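# Summary of structural features
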Amino acid sequence: MHAAKRISSGTVVTPRTSVLMVMGACLAVLAIAWYMTGQWPSAMDWFQLVLGSGLAAAIMGIATMGMVDEVWDLGDHLLVRKGGTQARIGLANILKAEASVNSSPERVTVFLVKPCVFGRQVAFRPAGRPRRLPGLRHPLAEELMHRAHQARTVPLSKAPAG
């Protein structure tokens, strides 16, 4: 029995979170400006706050589009969760696994033979420190590919007699 291991980072920043972070920072800047100048921020300052928050939400939404919240390695399958939806993906159903290490956030994408509730591919942020080594494959993607190949390969001793 394989012990359950979380292989995703679980730190996907949602567009809502990025909007709140940017709005908080902009409000802090407006409050400091008001304190230093003694003037209430103008309508243009508030417009810039809303525009900046919207742009931050759009950028983070594009960067994290399609990424799931959690991926657990349970030995012969992966348990994938996004919001209240979850799916079990057998290792034999993994066609290939790739990592984009030069993007931010770093992501591992698992391509499936048969689609699950999340579609034909599942993307997530891998657990651990980012690996920015151009030309090298991500160790998690490499391991998933190896284990998927093993799951699809039937040993000759277990092959049906024909």
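Scroll up for the structure.
Rules used throughout
- Residues numbered from 1 in each chain as written.
- Predicted model: local features only at pLDDT ≥ 70, side-chain atom pairs only at ≥ 80, totals over all residues.
- Heavy atoms only, no water.
- Helix = DSSP H or I, 4+ residues; strand = E, 2+ residues; numbered from the N terminus.
- Buried < 20%, exposed > 50% of the residue type's maximum accessible area, 1.4 Å probe, protein only.
- Contact = heavy atoms within 4.5 Å.
- Areas by Shrake-Rupley, 256 points an atom, 1.4 Å probe, with all protein chains shown as cover.
- Salt bridge = Lys/Arg side-chain N within 4 Å of Asp/Glu carboxyl O.
- Pairing = 2+ DSSP bridges.
- Axes fitted to C-alpha atoms, helices over the stretch in contact; angles between N-to-C directions.
- Phe/Tyr/Trp six-rings, centres within 6.5 Å; stacked < 30°, edge-to-face > 60°.
- Lys NZ or Arg CZ within 6 Å of the ring centre and 35° of its normal.

Let's shift gears to the overall build of the chain. If you tally the helices and strands in the chain, you get 3 helices and 7 strands. In sequence order, the chain lays out its α and β elements as β-α-α-β-β-β-β-β-β-α. Residues counted as buried form 29% of the 162 residues belonging to the chain. Residue pairs at least 24 apart in sequence account for 54% of intrachain contacts in the chain once pairs closer than 6 positions are excluded. Surface accessibility of the chain: about 10,500 Å² in total, with carbon and sulfur atoms responsible for 64%.

Relative to the helices and strands, histidine 77 resides in strand E3 (residues 77–82). Sequence-distant contacts of histidine 77, defined by excluding residues within four places in its chain, comprise Trp72, Arg88, Ile89, Gly90 and Leu91.

Within the structure shown, the criterion is met by 5 salt bridges. For glutamate 70, the salt bridge is made with arginine 6, and the minimal N-O distance between the two is 3.5 Å. On the criterion of sequence distance, the pair formed by glutamate 70 in strand E2 (residues 70–73) and arginine 6 in strand E1 (residues 5–6) is long-range, its members being 64 residues apart. Note on arginine 6: relative accessible area 32%, which makes it partly exposed. The partner of lysine 96 in a salt bridge is glutamate 98, and the shortest N-O contact between them spans 3.1 Å. Residue glutamate 98 is classed as partly exposed on the basis of its relative accessible area of 37%.

The strand order across the open sheet built from 3 strands is E5-E6-E7, with neighbouring strands paired in antiparallel fashion. The sheet is open, and its two edges are formed by strand E5 (94–100) and strand E7 (119–124), each paired on a single side. Each neighbouring strand pair of the sheet contributes to a mean axis angle of 20 degrees, computed without reference to strand direction. Against the sheet, helix H3 (residues 139–152) engages E5, strand E6 (107–116) and E7, with an angle of about 175 degrees to E5.

Taken as a whole and judged by the stated rule, the model has 0 aromatic pairs. Against the face of phenylalanine 111 rests lysine 96, its NZ or CZ located 4.9 Å from the ring centre.

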